[in-house]
Amino acid sequence: SKRDAIKIALVSNKFTSEQVRDLMNLLDFESSKMEIAKLAYSSTIDKSNYYKVYDAFDFESSINELNHALGIG
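Since the model is a prediction, treat every value here as computed from it, not as a measurement.

Undergrad: Help me understand the overall build of the protein chain, please; the structure alone is not making it clear to me.
TA: Helix and strand counts for the protein chain stand at four helices and zero strands. Along the chain direction, N to C, the helices and strands of the protein chain fall in the order α-α-α-α. Over its C-alpha trace the protein chain gives a radius of gyration of 11 Å, about what one expects of a compact globule, namely 11 Å for 73 residues. When the backbone C-alpha atoms are referred to their principal axes, the protein chain occupies close to 25 × 25 × 15 Å. Out of the 73 residues in the protein chain, the part that is buried amounts to 40%.

Printed below as a string of structure tokens:
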């Protein structure tokens with residue numbers, strides 16, 4: 001699945017926040033997007049711009065959940 005391929009890529013690569021957002025936009029479900037957003041944070045080279053991934057979410061509650069899970073925002 002797309003989600004599994006993205007997870008594999010996150011293990012061995014670094015990404016910008018915009019690239020993480022683009023990867024998340026390949027997924028259909030909010031829960032899958034959340035999983036990738038949480039996993040990708042440690043592989044992100046510009047954590048100060050991580051707010052850019054918010055655009056991939058459909059719900060404000062998802063943004064709040066991500067911020068809480070990562071201890072940011």
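From this point, the discussion proceeds with the structure in view.
Undergrad: Help me understand helix α2 (residues 17–24) in this model?
TA: Along an α-helix, a turn takes 3.6 residues, which lines up residues three or four apart on a common side. Residues of α2 that are buried include every one of Ser 17, Val 20, Arg 21, Leu 23 and Met 24, and no others. Down the axis of α2, the sector holding all buried residues measures 160 degrees, keeping them to one side. Lining the buried residues of α2 we find α1 (2–12) and α3 (30–40).

Undergrad: Explanation requested: the nonpolar core in the structure shown.
TA: As a rule of thumb, soluble globular proteins bury nonpolar side chains together. Counting 19 residues, the largest nonpolar core has Val 20, Met 24, Tyr 50, Val 53, Phe 57 and Leu 66 as the members making the most contacts within it. Listing elements by their share of this core, those giving two or more residues are α1, α2, α3 and α4 (60–70). The element that contributes the greatest number of residues to this core is α3, accounting for four residues. Apart from residues lying up to four places away in sequence, Val 20 is in contact with Phe 15, Ala 40, Thr 44, Tyr 50 and Val 53.

Undergrad: Help me understand the packing of α1 against α3 in this model?
TA: Helix-helix packing is characterised by the crossing angle of the two axes and by the distance between the axes. Two elements in contact, α1 and α3, have axes whose closest approach is 10 Å; the angle formed by their N-to-C orientations is 5 degrees. In terms of orientation, α1 and α3 fall into the roughly parallel class. Judged by residue contacts, Arg 3, Ile 6, Lys 7 and Leu 10 of α1 engage Ser 32, Glu 35, Ile 36, Leu 39 and Ala 40 from α3. Here the residues of the contact of α1 with α3 sort into five nonpolar, one polar and three charged.

The rules we used
- Residues numbered from 1 in each chain as written.
- Predicted model: local features only at pLDDT ≥ 70, side-chain atom pairs only at ≥ 80, totals over all residues.
- Heavy atoms only, no water.
- Helix = DSSP H or I, 4+ residues; strand = E, 2+ residues; numbered from the N terminus.
- Rg over C-alpha atoms; globule rule 2.2 N^0.38 Å.
- Buried < 20%, exposed > 50% of the residue type's maximum accessible area, 1.4 Å probe, protein only.
- Arc of directions from axis to C-beta.
- Contact = heavy atoms within 4.5 Å.
- Core = buried A, V, L, I, M, F, W, Y, C linked by side-chain atoms within 4.5 Å.
- Axes fitted to C-alpha atoms, helices over the stretch in contact; angles between N-to-C directions.
- Parallel < 35°, antiparallel > 145°, perpendicular 65-115°, else oblique.
- Nonpolar A, V, L, I, M, F, W, Y, C, P; charged D, E, K, R; others polar.

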